Amino acid sequence: MEGLILINEETGKKYKLVEIKEQAKKKIAFVIGHTSKDKGAFSTFLQISEFDLFKEFANKHLSEVGDIFLHDETITSYTQRQADTATKTTEYEYVFELHFNSATPAAEGCEALYYTGNTKAEKIAEKFCSLMVQEMDMKNRGAKALNASDRGFGFVSKQKPTALILEPFFGSNEDDCRNFKQEKYKKVIFELINYINAL
């Protein structure tokens, strides 16, 4: 994998994977959505929860391109928990919270959520969705700006860096679960970092 070459589609600049790791290490933070006590949605198709899936994924694939954080499970208030996590990530430029969606069986696709008015986050969210379509043929639900009344607003509003919530698929949709592959998602994240480094 060290010899993998990624190309920024907009600038044409080439990056070796090792270069992306070096550039991103102090720049990117990943936060695992939910906690070990409240693991979020459970996918019957994948037989795993949001928390367990992305904790495993991040530890296996993302520790060399960013730092990984867990929410403090002893803090029961969602707002206070998000505020506590935000105090730990102030040195980073970009913070991503990792989730998957869950709803009715018909709901499908990827989306990325960001703080209303953050144009840089909007561009990154759009890029993420386009990469998910490209790599896993997910339906593009788009970049979505969050306001105070929206779920997830606590994360994107409490963080000082540019923060996004990544929702690559629906754990409640059989086709989405079949199409989601960890190796492909790893490539999506690396390509997204490539894009961020060129901003």
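This text gives an overview of the structure that appears in the document. Keep in mind it's a predicted model, so treat the numbers as computed, not measured. (Residues numbered from 1 in each chain as written. Predicted model: local features only at pLDDT ≥ 70, side-chain atom pairs only at ≥ 80, totals over all residues. Heavy atoms only, no water.)

### Focus on the nonpolar core
Residues F30, F54, F96, F128, L166 and Y185 are the most contacted members of the largest nonpolar core, which totals 41 residues. Elements with a minimum of two residues in this core: β3 (28-32), α2 (50-61), β7 (94-98), β8 (110-115), α4 (119-136), β10 (162-167) and α7 (182-197). Those residues within four positions of F30 in sequence are excluded, and the remaining contacts are L62, V65, G66, D67, I68, F69, F96, L98, I189 and I193. Counting 12 residues, the second-largest nonpolar core is a separate cluster that includes A29, Y92, L146 and F153. (Core = buried A, V, L, I, M, F, W, Y, C linked by side-chain atoms within 4.5 Å. Buried < 20%, exposed > 50% of the residue type's maximum accessible area, 1.4 Å probe, protein only. Helix = DSSP H or I, 4+ residues; strand = E, 2+ residues; numbered from the N terminus. Contact = heavy atoms within 4.5 Å.)

### Digging into the pattern of salt bridges
This structure, assessed with the given rule, holds 7 salt bridges. Residue E174 pairs with R178 through a salt bridge whose shortest N-O separation is 3.4 Å. Note that E174 and R178 are positioned in helix α6 (residues 174-179) at a spacing of 4 residues, about one turn of the helix. On the basis of relative accessibility, which here comes to 44%, the residue E174 falls in the partly exposed class. Assessed through its relative accessible area of 45%, R178 is described here as partly exposed. (Salt bridge = Lys/Arg side-chain N within 4 Å of Asp/Glu carboxyl O.)

Coordinates in, geometry out; function isn't part of it.
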